[in-house]
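# Observations on the three-dimensional arrangement
Listed here are the chains, written in short residue letters.
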Amino acid sequence: MSDDRDSDLAETLAEAGRKVGQALTDAVERMRPAFDALADVANLPEVRAVIEFAEKTMRRRPCLCFCSRAHPDDLGVCEKFDAVTTRRFSSDLLGDIEVPQCAPCAAARAAREFAG
Ligand SMILES: [Zn+2]
Ligand SMILES: [Zn+2]
């Protein structure tokens, strides 16, 4: 009897597997036009421009200045994704690290240090 149950189970699993496999195949077939459309869209100049902009932005270094603490009077100057210089930052936890920082922030910090 246990043999029967095992073979029933095996058959049920096989049937379920076939159904899932067929469902996946159907789903892929249904999505194929969408993929093709997506490929066409990705080749449009406008879309390429957006993708290139995103890639450029990703490659840029963010400014890690902590503006609100470093120069609270000039919060708006920060070019958040255009760090061009680094500042040495000493912390007990991390030791000396180079922190990327944008040009306006560097200037604002310098001005504040000079003033204060
Ligand atoms: Zn800043
Ligand atoms: Zn900045």
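What you see is a predicted model, and the numbers here were worked out from it, not measured in a lab. Note that residues are indexed from 1 along each chain, following the sequence as it is written. For naming, the first written chain is A and the first written ligand is 1, with later ones following in the order written. For this predicted model, a pLDDT threshold of at least 70 governs which residues receive local features, and a threshold of 80 or more governs which side-chain atom pairs are given and counted, while totals over whole chains, interfaces and linings are taken from all residues.

## Regarding the overall build of the protein
The secondary structure listing takes helices from DSSP runs of H or I that are at least 4 residues long and strands from runs of E that are at least 2 residues long, numbered from the N terminus. Scanning the protein from N- to C-terminus turns up four helices and two strands. Reading the helices (α) and strands (β) of the protein from amino to carboxyl end gives α-α-α-β-β-α. Using C-alpha atoms as the atom set, the radius of gyration is obtained and then compared with a globule rule of 2.2 Å times the number of residues to the power 0.38. In terms of C-alpha radius of gyration, the protein reaches 29 Å, well past the compact-globule figure of 13 Å for 116 residues. Overall, the C-alpha framework of the protein stretches about 90 × 45 × 20 Å when taken along its three principal axes. The contacts of the protein with a sequence gap of at least 6 include a subset with a gap of at least 24, amounting to 41%. We call two residues in contact when the distance between their C-beta atoms, placed using the backbone, is within 7 Å.

## Comments concerning the environment of Ser68
Note that Ser68 resides in helix 3 (residues 67-70). With C-beta atoms placed from the backbone, a residue is buried if 20 or more other C-beta atoms are within 10 Å of its own, exposed if 12 or fewer are, and partly exposed between those counts. Using a count of 9 C-beta atoms within 10 Å as the deciding quantity, one classes Ser68 as exposed. For the pair Ser68 and Ile97, spaced 29 residues apart in the sequence, the C-alpha separation amounts to 20 Å.

## A look at the pairing of strand 1 (residues 83-91)
Two strands qualify as a pair provided DSSP detects at least 2 bridges between them. When strand 1 meets strand 2 (residues 95-102), the two strands line up antiparallel, connected through eight bridges. Each residue of the ladder has a partner; that of Ser90, found in strand 2, is Asp96. The antiparallel hairpin formed by strand 1 and strand 2 contains three residues in its connecting segment.

## Considering the domain arrangement of the protein
Domain delimitation follows an automatic or database domain assignment. Taken as a whole, the protein is organised into domain 1 (2-55) and domain 2 (61-115). For domain 1 and domain 2, the distance between their C-alpha centroids amounts to 47 Å.

## Quick look at helix 2 (residues 45-59)
Given the number of residues in a helix, its expected span is that number minus one, multiplied by 1.5 Å. The first and last C-alpha atoms of helix 2 sit 21 Å apart over 15 residues, in line with the 21 Å expected at 1.5 Å per residue. For helix 2, the buried fraction is low: zero of the 15 residues fall into the buried class.

## Points about the confidence of the model for the protein
Any residue range with low pLDDT should be treated as having predicted coordinates unsuitable for detailed reading. Of the residues in the protein, 96% have a pLDDT of 70 or more, and the chain-wide mean is 86. Mean pLDDT across the elements of the protein ranges from a minimum in helix 2, with 82, to a maximum in helix 3, with 93. Looking at any residue, its pLDDT shows the predictor's confidence there, from 0 to 100.

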